[in-house]
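Working through the structure, step by step
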Amino acid sequence: MAELEREFTVHKAWDIPEGIAGIRERCANVRAAITTVTTEVTRAHFEALPKLELLACYGPYVTLVDHVAAREHQVPVTHTPDSTAEPVADLTMGMIVALMRRICEADRFMRTGAWRTRQFPAAVEVRGKTCGIVGMGRIGREIARRAAAFDMEIAWQGPRAKPDVPHRYVPDLEQLARESDCLVVTCALTPETRNLITTRIL
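Residues numbered from 1 in each chain as written. Predicted model: local features only at pLDDT ≥ 70, side-chain atom pairs only at ≥ 80, totals over all residues. Heavy atoms only, no water.

**Observations concerning the overall build of the protein**
Along its length, the protein carries 8 helices and 7 strands. Since a compact globule built from 202 residues should have a radius of gyration of about 17 Å, the 22 Å found for the protein marks it as more spread out than a globular shape. Considered along the principal axes of its C-alpha atoms, the protein spans approximately 60 × 50 × 30 Å. Expressed as a percentage of its 202 residues, the buried residues of the protein come to 32%. For the protein, long-range pairs separated by at least 24 residues make up 44% of all intrachain contacts whose partners lie at least 6 apart in sequence. Of the roughly 13100 Å² of accessible surface on the protein, a fraction of 54% belongs to carbon and sulfur atoms. Here the protein carries 26 positive and 26 negative side-chain charges, and the mean point of each set is 5 Å from the other. (Helix = DSSP H or I, 4+ residues; strand = E, 2+ residues; numbered from the N terminus. Rg over C-alpha atoms; globule rule 2.2 N^0.38 Å. Buried < 20%, exposed > 50% of the residue type's maximum accessible area, 1.4 Å probe, protein only. Contact = heavy atoms within 4.5 Å. Areas by Shrake-Rupley, 256 points an atom, 1.4 Å probe, with all protein chains shown as cover. Lys, Arg positive; Asp, Glu negative; His and termini not counted. Charge placed at Lys NZ, Arg CZ, Asp CG, Glu CD.)

**A closer look at the pairing of strand 7 (residues 182-185)**
Residues of strand 7 alternate between two faces, with C182 and V184 buried on one and L183 and V185 left unburied on the opposite face. Where strand 4 (residues 130-134) and strand 7 come together, 4 bridges link them in parallel fashion. By the bridge assignment, V134 is partnered in strand 7 with V185. (Pairing = 2+ DSSP bridges.)

**Focus on the packing of helix 5 (residues 85-100) against helix 7 (residues 138-149)**
Running from amino to carboxyl end, helix 5 crosses helix 7 at an angle of 45 degrees, the nearest separation of the two axes being 8 Å. If you check the angle between helix 5 and helix 7, you find them oblique. Between helix 5 and helix 7 the crossing geometry is right-handed. Residue-level inspection shows A85, E86, V88, A89, D90, T92 and M93 of helix 5 in contact with helix 7, the latter providing R138, I139, E142, I143, R146 and A147. Across the contact of helix 5 with helix 7, the residue classes break down as 7 nonpolar, 1 polar and 5 charged. (Axes fitted to C-alpha atoms, helices over the stretch in contact; angles between N-to-C directions. Parallel < 35°, antiparallel > 145°, perpendicular 65-115°, else oblique. Left-handed = near helix turned anticlockwise from the far one by under 90°. Nonpolar A, V, L, I, M, F, W, Y, C, P; charged D, E, K, R; others polar.)

**Considering the pattern of salt bridges**
Pairing between side chains of opposite charge can happen when the charged atoms of each approach one another. Summed over all chains, the structure comprises 15 salt bridges. Note that E72 and R43 form a salt bridge whose closest N and O atoms lie 2.5 Å from each other. In this pair, E72 sits in helix 4 (residues 67-72) while R43 sits in helix 3 (residues 43-48), placing the two residues 29 residues apart along the sequence. Taking the shortest distance from any N to any O, the salt bridge between R127 and E125 comes out at 2.7 Å. Connected via shared salt-bridge partners are D90, E142, R145 and R146. (Salt bridge = Lys/Arg side-chain N within 4 Å of Asp/Glu carboxyl O.)

**Some thoughts on the nonpolar core**
Grouped together as the largest cluster of nonpolar side chains are 20 residues, with contacts concentrated most on M93, I96, C131, I133, M152 and I154. Contributions of two or more residues to this core are made by helix 5, strand 4, helix 7, strand 5 (153-157) and strand 7. If one sorts the elements of this core by residue count, helix 5 sits on top with 6 residues. Contacts of I96, omitting those with residues within four sequence positions, involve C131, M152, C182 and V184. Counting 17 residues, the second largest nonpolar core, distinct from the first, contains A33, L49, L55 and A69. (Core = buried A, V, L, I, M, F, W, Y, C linked by side-chain atoms within 4.5 Å.)

If you want it as structure tokens, here you go:
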């Protein structure tokens, strides 16, 4: 951000409380926009940015961008489909281990001095547990590879089975949730997957 601000005038959408109306008013000269995997970019955004020449998306997912409107406004949309799978999988595996082994809780327990008066409760082993993965795309496959290295059982769910995936396919999400010790959601955010993980699934 600091490098961008040295070279360009940078408008931050989170500092514009008026939404589209504020973007239209403040960002009429914007030539490039950067978005995230959870930010919807609609026709109204393209209409509010008449000088836009480029929309750059973090990561692989561009499903929340109105591509018809982008084409009509002659705005190229870029993304980085192969840049995030491995680091996201690393972080996910770190979270699985941290949660099951209660690493963050143990750190707080030590730092507050609670260890002087009581014993920290036992954690859960990762080995032998079932890791359920919702969505077996690039990120899901990388997580499965790492979880298997921890001797976890892998099961997964998605819209259809994939013959090249060596792990057990469970077509019913609720069944997968029941069988899993941890449930990892790696599917793309689309209108079909929004609110996929309900209270019932949890």
